[in-house]
Amino acid sequence: MKYTVLCVGKLKERYWREAVAEYQKRLSAYVSFEMIETPDEKAPEKLSAAQAAQVKEKEAQRLLKYVGDQTFLITLEIGGKAMSSEALSAFLQELPLRGKSQVAFAIGGSLGLGEAILARSDYRLSFSPMTFPHQLMRVILLEQLYRAQKISRKEPYHK
């Protein structure tokens, strides 16, 4: 199984980079893993709806360059389907049985994900109806991917 996490923007703060590095290290014992950061689109503080959509579309196009035809794309969205850690583990275990060995997770920038990548999404996943900073979302996602591996192997960690 290969997981790719597609993200808009770079992690600037050291504490985010360290947290991501820790979970990348933990995950690498279980799956092939790659994180790809694409540049965020520079935009003024106040945007019209049309300008915001344009920014999101440019970011979406950058993310889509890394999504192959055989890739199962999971977009992280507030309006997506919520599931427990156990359900996520079971869902991810089932994908290879359906012939899906490459899974990409897309995390948008501060404005969210553009329509082009949403249209390509195979599954829309929500971690909460709350809004989280996209930097923190990387850490939460990686922790849940690691937890899913531990659950599927019935190894201690999950409480």
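Everything below is about the structure printed above this text.
Keep in mind it's a predicted model, so treat the numbers as computed, not measured.

Novice: When you look at the pairing of strand β2 (residues 32-38) in this model, what are you seeing that I'm missing?
Specialist: Successive residues of a regular strand alternate their side chains across the two faces of the sheet. Inspection of the sheet shows strand β1 (residues 2-8) paired to β2 by 7 bridges, in the parallel sense. Each residue of the ladder has a partner; that of Thr 4, found in β2, is Glu 34. Handedness of the crossover joining β1 and β2 through helix α1 (residues 14-27): right-handed.

Novice: Sorry, what's going on with the pattern of salt bridges here?
Specialist: Charged atoms that come close allow side chains of opposite charge to pair. As enumerated under the stated definition, the model contains 14 salt bridges in all. With a shortest N-O distance of 2.7 Å, Arg 138 and Glu 37 are connected by a salt bridge. Here Arg 138, found in helix α5 (residues 134-152), pairs with Glu 37, found in strand β2; they are 101 residues apart in sequence, far enough to count as distant. Its relative accessible area of 28% is what places Glu 37 among the partly exposed residues. Residues Glu 41 and Lys 58 are paired through a salt bridge, measuring 3.7 Å at the closest nitrogen-oxygen approach. Linking Glu 41 in the loop between β2 and α2 (49-64) with Lys 58 in helix α2, this pair joins segments that are 17 residues apart in sequence. On the basis of relative accessible area, Lys 58 is assigned to the partly exposed category, the value being 40%. A cluster of three or more residues bridged by salt bridges with shared partners is formed by Lys 10, Glu 37 and Arg 138.

Novice: Would you mind showing me how to read the packing of aromatic side chains here?
Specialist: One pair of aromatic rings is described through two measures. These are the centre distance and the angle between the planes. Applying the stated criterion across every chain yields a total of 6 aromatic pairs. The interplanar angle of 50° and the centroid separation of 5.0 Å between the aromatic rings of Tyr 15 and Trp 16 together place this pair among those described as tilted. Ring pairs connect the aromatic residues Tyr 23, Tyr 30 and Tyr 146, which therefore count as one cluster.

Novice: Can you walk me through the packing of helix α3 (residues 85-94) against α5 in this structure?
Specialist: Packed helices, taken two at a time, are described by the angle between their axes plus the distance between the axes. Relative to each other, α3 and α5 sit at 75°, their axes nearing to 8 Å. Comparing their axes, α5 and α3 come out roughly perpendicular. Taken together, the residues of α5 that come into contact with α3 (itself represented by Ser 85, Glu 86, Leu 88, Ser 89, Leu 92 and Gln 93) are Gln 144, Leu 145, Arg 147, Ala 148, Ile 151 and Ser 152. In terms of residue class, the contact of α3 with α5 is built from 5 nonpolar, 5 polar and 2 charged.

Cut-offs and rules
- Residues numbered from 1 in each chain as written.
- Predicted model: local features only at pLDDT ≥ 70, side-chain atom pairs only at ≥ 80, totals over all residues.
- Heavy atoms only, no water.
- Pairing = 2+ DSSP bridges.
- Helix = DSSP H or I, 4+ residues; strand = E, 2+ residues; numbered from the N terminus.
- Right-handed = clockwise from strand over helix to strand, strands pointing away.
- Salt bridge = Lys/Arg side-chain N within 4 Å of Asp/Glu carboxyl O.
- Buried < 20%, exposed > 50% of the residue type's maximum accessible area, 1.4 Å probe, protein only.
- Phe/Tyr/Trp six-rings, centres within 6.5 Å; stacked < 30°, edge-to-face > 60°.
- Axes fitted to C-alpha atoms, helices over the stretch in contact; angles between N-to-C directions.
- Parallel < 35°, antiparallel > 145°, perpendicular 65-115°, else oblique.
- Contact = heavy atoms within 4.5 Å.
- Nonpolar A, V, L, I, M, F, W, Y, C, P; charged D, E, K, R; others polar.

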